[in-house]
Amino acid sequence: MEETDLCGSSIFRCDQRLCSADVLPSSEVRARMEVSVLNFLEFLTSPSPAVPHLSLIKRRLDNTGLRQGLVNDVSSIFLSHSFCKRSLMRTKEAKAFIRVWKAMELCFQVLERGKQVTQRELFYRLLCESPDYFTSQAQVNMAVQDLVALLHCTRQSLGIMASSRGAISGRLKLLDPETGVIDCSVLGSAGYAISGDLNLLQKLIFHSDARYIIVLEKDAIFQRLVEDQIFNQIPSILITAKGYPDMATRFLLHRLSREFSGLPILALVDWNPAGVAILCTYKFGSASMGWRPCDVRWLGLRSEDLPSLPVSAMNDLTARDLQISRSLMSSRMLPGPHRAELEMMAAMGKRVEMEALYYRGFGFLGKYVAQKIVRVLHASRVRVLASESVSTP
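Every residue gets a number counted from 1 within its own chain, in the order that chain's sequence is written. Reporting in this predicted model follows two pLDDT cut-offs: at least 70 for local features of residues, and 80 or more for side-chain atom pairs to be given and counted; totals over whole chains, interfaces and linings ignore these cut-offs and use all residues. The side-chain values count all of the structure's non-hydrogen atoms but skip hydrogen atoms and water molecules.

By the naming in an unreviewed UniProt entry, the chain goes by DNA topoisomerase (ATP-hydrolyzing) and is assigned to Spirodela intermedia. UniProt positions are given in the numbering used here, feature names are shortened, and annotations may be inferred rather than shown by experiment. Taken from UniProt, the Catalytic activity (unreviewed entry) comment for the chain reads in full: "ATP-dependent breakage, passage and rejoining of double-stranded DNA." UniProt, in the comment section headed Cofactor (unreviewed entry), describes the chain in these words: "Mg(2+)".

This is the structure we're talking about:
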């Protein structure tokens, strides 16, 4: 199949400029797999037989575009129609080409049986069945990403469960069809462990009287705020992925944002490039055809907080920090305020972690959150009023 045909093919539902990974029923995914196999066989049995290559949507920043929501401020990353290839005829790509078909075959079997597997389980199955092609988890992960790019569907649609580190707490009650009602405010500092089964997360029914959703980069900060029961002082739902956001945590946050569309989503991250990267992943989604975006606002740490912290709380930027910063700065989608913060980090050569706030006492973290919420939401209202006054004739 030629690349131009691939773009217009009925098995790939995408417009002429942008595409994304779709959440699809099992029958649709299996149909796309079958069509891919038939297309491949058609090439082999044609009057002029040839081994076709696989045209995959590039999962790189230089192939991304930003789509702004029409109804709200939620923006999301989509991938444009720029392709890379997996070819059997190229020595370096031959095994990667075969891995895609091997992974597709196993995912087809999983979907046919109505089951789900983790990528780790997928690795051990492929290691046993195809040891000549799979020797590491990284190879399986790449084959799965290639399948996502080929079929334009999510990993969940392939029957692959998301592993999750995430937790949630605060003013939220979950109605779980299997375990009944779960009150997240009484589960202790560890909170409610977010399942990696997206189908289960999809079935949860939410009840909440919260006024805010607070996203926390670090588990230690999450546990501190839960231990202090900040959600009773500031009616809120607290959620953390304990670092870089996994798919299940992002999925649950997206569901909360839809269910409680009026609640501001506010993020607390370290003042370093990794913190900005985490914030952007929640806000825009993933460049590698990842999950849904949310309108997440940056609560802290921000450069405006630095004067209240001792110089000793600042650490030098690492080589990894600089690498992340360069990658973020190269993106045309990075918001201006985020770019300004990164530029200041680079100019100072410093980074600051959330724990630096304990310099003001262990009880200060809750006060800091309350002060920042007032400041951020006030600034937001001022911008809205200014915008309305400009648009009014």
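There is more to say, and it comes next.
Asker: Just checking my understanding: could you explain the pattern of salt bridges for this structure?
Answerer: Where side chains of opposite charge bring their charged atoms close, a pairing between them can arise. Put simply, a salt bridge is a Lys or Arg side-chain nitrogen that is within 4 Å of an Asp or Glu carboxyl oxygen. Taken as a whole, this structure holds 15 salt bridges when the rule is applied. Here R32 makes a salt bridge to E28, at a shortest N to O gap of 3.3 Å. In this pair, R32 and E28 both sit in helix 2 (residues 26-44), four residues apart, roughly one turn of the helix. One salt bridge connects D295 with K283, and the closest N-O pair in it is separated by 3.5 Å. In this pair, D295 is assigned in the loop between helix 10 (273-284) and strand 14 (296-300) and K283 in helix 10, connecting sequence segments twelve residues apart. Secondary structure elements are defined from DSSP: runs of H or I of at least 4 residues count as helices, runs of E of at least 2 residues count as strands, and each element is numbered from the N terminus.

Asker: Would you mind showing me how to read the packing of aromatic side chains here?
Answerer: Each aromatic ring pair is summarised here by two numbers: the centre-to-centre distance and the angle between the ring planes. Only Phe, Tyr and Trp rings take part, Trp by its six-membered ring, and two of them pair if their centres are within 6.5 Å. Stacked means planes under 30 degrees apart, edge-to-face means over 60, and tilted covers everything else. Evaluated as defined, the whole model comprises four aromatic pairs. Residues F364 and Y368 carry aromatic rings whose centres are separated by 6.3 Å and whose planes lie at 50° to one another, so their mutual orientation is tilted. With F364 and Y368 both in helix 13 (residues 364-391) and four residues apart, the pair spans about one turn of that helix. In this pair, the class of F364 matches that of Y368, namely buried. Only when the NZ of Lys or the CZ of Arg is both within 6 Å of the ring centre and within 35 degrees of the ring normal is a charge said to sit over the ring. When the ring centre of W298 is taken as origin, the NZ or CZ atom of R302, which lies over that ring, is 4.4 Å away. If you follow R360 out to its NZ or CZ, it ends over the ring of F364, 4.4 Å from the centre. Here's how the labels work: a residue is buried when its accessible area is under 20% of the maximum for its type, exposed when over 50%, partly exposed in between, all with a 1.4 Å probe on protein chains only.

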